[in-house]
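In case you want the letters, here they are:
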Amino acid sequence: MQNNPDAQYWQKAHEKYATRDWIVKPTIFVTQIIKYFPKNSYILELGCGQGQDSIYFAQNGHKVLACDLSDYALEKAPINANVKYQQLDLLEKLPFPKNTFDVVYSHLALHYFDDNRTHELFDEIYSVLRLGGIFATLTNTIDDPEVITLKKIAEGYYVTPEGLKKRFFSTDSLGKFTTKFETILLDNHGETHKDEIKTLTRFVGRKI
């Protein structure tokens, strides 16, 4: 975590999230897309936060390797026999063998990187999935009102006053990063318990 300049930001964010009632609820996205997952999957969750979706997966018969940058978030996550937690910095290459997982899942954690790292990361996700495996992610939307308050540093890529770099996707721009996958779902109808935005970008694809 020490190599990631945003580690302190996420420490503070998760301290705040820990006080919210939604932090123990499955996310809206996970309840919408779990139907696409093979039964008894081995799931890699990237950016698991405090583990609410990881626990939901376990309760539905899956085994999970749940990863996050924040040590604080991982310490807050509930213990479950079918969930293993691991600290992971997504700025670094995914440290998993090829063809390991049935599902790679991420809720609002893959939109913090420049074009090069985003392409690398999506390629690494493709690699660690088994043939026919499912990739599901929810990301920021370019329709977010926050965009107009931020400094643009590249197409779709901005920096906040606090120095956090964030990507805001459209269905078109997300589609350009997921061309290796057979698209099952790609739209801008995603939402969360956390805020009022209902145009987050949803993607579910299959490794072919």
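Rules used throughout
- Residues numbered from 1 in each chain as written.
- Predicted model: local features only at pLDDT ≥ 70, side-chain atom pairs only at ≥ 80, totals over all residues.
- Heavy atoms only, no water.
- Helix = DSSP H or I, 4+ residues; strand = E, 2+ residues; numbered from the N terminus.
- Rg over C-alpha atoms; globule rule 2.2 N^0.38 Å.
- Buried < 20%, exposed > 50% of the residue type's maximum accessible area, 1.4 Å probe, protein only.
- Contact = heavy atoms within 4.5 Å.
- Areas by Shrake-Rupley, 256 points an atom, 1.4 Å probe, with all protein chains shown as cover.
- Pairing = 2+ DSSP bridges.
- Phe/Tyr/Trp six-rings, centres within 6.5 Å; stacked < 30°, edge-to-face > 60°.
- Lys NZ or Arg CZ within 6 Å of the ring centre and 35° of its normal.
- Axes fitted to C-alpha atoms, helices over the stretch in contact; angles between N-to-C directions.

### Considering the overall build of the chain
Then comes step 1: Broken down by element type, the chain carries 6 helices and 10 strands.
Then comes step 2: Expected size for 208 residues packed as a compact globule is a radius of gyration near 17 Å; at 16 Å, the chain falls within 12% of this value.
Then comes step 3: Each principal axis of the C-alpha atoms in the chain carries an extent, and together these give about 45 × 35 × 35 Å.
Then comes step 4: For the chain, with 208 residues in total, the buried portion stands at 53%.
Then comes step 5: Restricting to contacts in the chain with at least 6 residues of sequence separation, those with at least 24 account for 63%.
Then comes step 6: Surface exposure of the chain reaches about 10,200 Å², of which carbon and sulfur atoms provide 49%.

### Digging into the pairing of strand E6 (residues 151-154)
Then comes step 1: Across 3 bridges, E6 lies against strand E7 (residues 157-159) in antiparallel orientation. Its bridge partner lying in E7, Lys152 is registered against Tyr158.
Then comes step 2: The turn linking E6 back onto E7 is made up of 2 residues, and Gly156 within it adopts a positive phi angle of 75 degrees.

### Some details on the packing of aromatic side chains
Then comes step 1: Applying the stated criterion to the full structure yields 17 aromatic pairs.
Then comes step 2: For the ring pair Phe122 and Phe177, a centre distance of 5.9 Å and an interplane angle of 55 degrees mean the geometry is tilted. Here the residue Phe122 occupies a position in helix H5 (residues 115-128), and Phe177 occupies one in helix H6 (residues 171-177), the gap between them amounting to 55 residues. With respect to burial, Phe122 and Phe177 carry one shared label: buried.
Then comes step 3: Joined through ring pairs, the aromatic side chains of Phe122, Tyr126, Phe135, Phe169, Phe177, Phe181 and Phe203 make up one cluster.
Then comes step 4: In this structure, Arg167 packs its charged tip against the face of Tyr157, placed 5.0 Å from the ring centre.
Then comes step 5: Here the basic side chain of Lys180 rests over the ring of Tyr126, its NZ or CZ set 5.3 Å away from the ring centre.

### A look at the sheet that holds strand E8 (residues 165-167)
Then comes step 1: The strand order across the open sheet built from 3 strands is E6-E7-E8, with neighbouring strands paired in antiparallel fashion. Strands with a single pairing partner mark the edges of an open sheet, and in this sheet they are E6 and E8. Adjacent strand axes in the sheet meet at a mean angle of 35 degrees, parallel and antiparallel pairs treated alike.
Then comes step 2: Relative to E8, E7 runs antiparallel, the two sharing 3 bridges.

### Comments concerning the sheet that holds strand E3 (residues 83-87)
Across a sheet, paired strands are connected by hydrogen bonds in the backbone, their directions being either parallel or antiparallel.
Then comes step 1: Overall, mixed pairing links the 7 strands, which are arranged E3-E2-E1-E4-E5-E10-E9 in an open sheet. Each end of this open sheet is capped by a strand with a single partner; those strands are E3 and strand E9 (181-190). Pairwise comparison of adjacent strand axes, ignoring direction, gives a mean angle of 15 degrees for this sheet.
Then comes step 2: Bridge analysis of E9 against strand E10 (residues 200-207) gives 7 bridges, and the strand direction is antiparallel. Looking at the pairing, Leu186 lines up with Phe203 of E10.

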